[in-house]
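Coordinate inspection notes
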Amino acid sequence: MYSSYQLARRYLRYYMKASNGKGHGMHSPFVYDFIRHVLNGKTGETDDIENLRRQLLRDGSEIFVEDFGAGSRLGGGQKRKVADIARRALKPARYAQLLHRLAAHYKPATVLELGTSLGLTTAYLSRAVPQSQLISIEGSKAISALATQNLQRLGCTNVQLLQGSFGDRLPGALAALPSIDLAYVDGNHRYAPTTDYFQQLLPHIHEHSILVFDDIHWSAEMEEAWSFIKSHASVAYTIDIFFLGFCFFRKEFRVPQHFSIRF
Ligand SMILES: C[S@@+](CC[C@H](N)C(=O)[O-])C[C@H]1O[C@@H](n2cnc3c(N)ncnc32)[C@H](O)[C@@H]1O
């Protein structure tokens, strides 16, 4: 994992080099549409999710969190305050809302999330496509129990939460879904697991699938994993917004292109 200083330097480099976040000068109609509707679109009604986040941020109760050796920011198996998990592990509202707009815009019929944590980003995805089938995997028993409660509270009835390691639960999840329209990989941020999940997902995608990888610049390993994914023969377009990387596979994109866009 990069130090805050190293990460800040990388963020600055990204910001200086990235394309304008409003789409000015963007020649690709697909990417222009992505900028307009996903990066800058309107988010649906999700105040209840942010109200729940605020409650979780004040929740001083402690739970036992197992260590998955996952490069988690939370460290090894030990007691953690729910408030600390809410503060450190969850995607901030701005990015969770972006993922909500992504799902609302492309309308995936199936969504797979690796790394549920407390279920807030899961809820954003569920709320965007309430008729779709959503599977989310979380390793920690206590965290997944809280996520189940949170998703019930938010009325997210289309989510199937699988508790267990990604390694154990991913094959079953892939078998349970007809194909993967949208996958969000947000856990176990290391080179080998990330590229392995990517390769396990590949036989289940189609040309309109979207794969999203979290924290692609978080460490040298994750940058290497993102490079591997970008250069894979199946990948047509990628969009890097620093804290998230998006992969597209559409056949209409004859020449692979890699965009870095300010968000
Ligand atoms: C960054 S958090 C997910 C945050 C969530 N997607 C959100 O934005 O609200 C990553 C989660 O993945 C889980 N995790 C990490 N590695 C795992 C593994 N190998 N198997 C199962 N769960 C894992 C952690 O317990 C943690 O709760």
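Residues numbered from 1 in each chain as written. Predicted model: local features only at pLDDT ≥ 70, side-chain atom pairs only at ≥ 80, totals over all residues. Heavy atoms only, no water.

1. Quick look at the overall build of the protein chain
Scanning the protein chain from N- to C-terminus turns up 10 helices and 10 strands. Compactness check: the protein chain gives a C-alpha radius of gyration of 17 Å against a globular reference of 18 Å for 263 residues, within 12% of the reference. The C-alpha extent of the protein chain, read off along each of the three principal axes, is 50 × 45 × 35 Å. A separation threshold of at least 6 residues defines the contact pool for the protein chain, and within that pool the share at least 24 residues apart is 70%. (Helix = DSSP H or I, 4+ residues; strand = E, 2+ residues; numbered from the N terminus. Rg over C-alpha atoms; globule rule 2.2 N^0.38 Å. Contact = heavy atoms within 4.5 Å.)

2. Quick notes on the side chain of Thr-194
Tracing the chain through its elements places Thr-194 in helix 9 (residues 191–201). For Thr-194, the residues in contact, after removing those within four places along its chain, are Asn-188, His-189, Phe-213, Met-222, Ala-225 and Ile-229.

3. Observations regarding a nonpolar patch on the surface
Residues Leu-12, Tyr-15 and Met-16 make up a contiguous nonpolar surface patch of about 340 Å² in total accessible area. Looking at the element boundaries, Met-16 is found in helix 1 (residues 4–17). The exposure class of Met-16 is exposed, given its relative accessible area of 62%. (Patch = residues over 30% accessible without salt bridge, like charges linked within 9 Å, V, L, I, M, F, W, Y side chains within 5 Å. Areas by Shrake-Rupley, 256 points an atom, 1.4 Å probe, with all protein chains shown as cover. Salt bridge = Lys/Arg side-chain N within 4 Å of Asp/Glu carboxyl O. Buried < 20%, exposed > 50% of the residue type's maximum accessible area, 1.4 Å probe, protein only.)

4. What to know about the packing of helix 5 (residues 93–106) against helix 6 (residues 120–128)
One way to put it is that helix 5 packs onto helix 6 with a least axis distance of 8 Å and a crossing angle of 25°. Here helix 5 lies roughly parallel to helix 6, going by the angle between them. Here helix 5 runs over helix 6; the crossing is right-handed. Of the residues in helix 6, those touching helix 5 at Ala-96, Gln-97, Leu-99, His-100, Ala-103 and Ala-104 are Thr-121, Tyr-124, Leu-125, Arg-127 and Ala-128. (Axes fitted to C-alpha atoms, helices over the stretch in contact; angles between N-to-C directions. Parallel < 35°, antiparallel > 145°, perpendicular 65-115°, else oblique. Left-handed = near helix turned anticlockwise from the far one by under 90°.)

5. So, the sheet that holds strand 3 (residues 110–114)
The strand order across the open sheet built from eight strands is 5-4-3-6-7-9-8-10, with neighbouring strands paired in mixed fashion. Strand pairing shows two members of the sheet lacking a second neighbour, strand 5 (159–163) and strand 10 (257–260), which therefore form its edges. Pairwise comparison of adjacent strand axes, ignoring direction, gives a mean angle of 15° for this sheet. When strand 8 (residues 237–240) meets strand 10, the two strands line up parallel, connected through four bridges. Across the sheet, residue Ile-239 finds its bridge partner in strand 10, namely Phe-259. Taken strand by strand, helix 6 contacts strand 3, strand 4 (133–138), strand 5 and strand 6 (182–185), and its axis lies near 175° from that of strand 4. Helix-sheet contacts for helix 8 (residues 166–176) involve strand 3, strand 4 and strand 5, and the interaxial angle to strand 4 is about 170°. (Pairing = 2+ DSSP bridges.)

6. Some details on unusual backbone geometry
The phi angle of most residues is negative, glycine excepted, and most peptide bonds adopt the trans form. The phi torsion at Ser-117 lies on the positive side, around 50°, for a residue other than glycine. Of the residues examined, Ser-117 reaches a relative accessible area of 11% and is grouped as buried. Notably, Asp-215 is not glycine yet its phi reads approximately 50°, a positive angle. The residue Asp-215 is located in the loop between strand 7 (210–214) and helix 10 (220–230) in this model.

7. Looking at the pattern of salt bridges
Overall, the coordinates contain five salt bridges when judged by the stated rule. Salt-bridge contacts for Arg-10 lead to Glu-223; the nearest nitrogen and oxygen are separated by 3.3 Å. In this pair, Arg-10 sits in helix 1 while Glu-223 sits in helix 10, placing the two residues 213 residues apart along the sequence. A salt bridge links Asp-214 to Lys-91; the shortest N-O distance between them is 2.9 Å. Separated by 123 residues along the polypeptide, Asp-214 in strand 7 and Lys-91 in the loop between helix 4 (82–88) and helix 5 bring together distant segments of the chain.

8. Focus: the site of the ligand
In the neighbourhood of the ligand, 18 residues make up the surrounding shell, with Gly-115, Thr-121, Glu-138, Phe-166 and Asp-186 lying closest. In this structure, an oxygen atom belonging to the ligand sits 2.6 Å away from a side-chain N or O atom of Thr-121. Here the ligand, which alone exposes 600 Å², has 94% of that area covered by the protein. (Near = heavy atom within 4 Å. Polar contact = N/O pair within 3.5 Å; in protein donor to acceptor, adjacent residues only side chain to side chain.)

9. Brief notes about the nonpolar core
Formed by 56 residues in total, the largest nonpolar core has its most connected members in Leu-102, Ile-241 and Phe-246. Top contributing element to this core by residue count: helix 5, with seven residues. In this structure, Leu-102 is in contact with Phe-34, Val-38, Leu-182, Ile-210, Val-212 and Phe-246, ignoring residues within four places of it in sequence. Membership of the second largest hydrophobic core comes to 26 residues, among which are Phe-166, Leu-177, Ala-183 and Phe-249. (Core = buried A, V, L, I, M, F, W, Y, C linked by side-chain atoms within 4.5 Å.)

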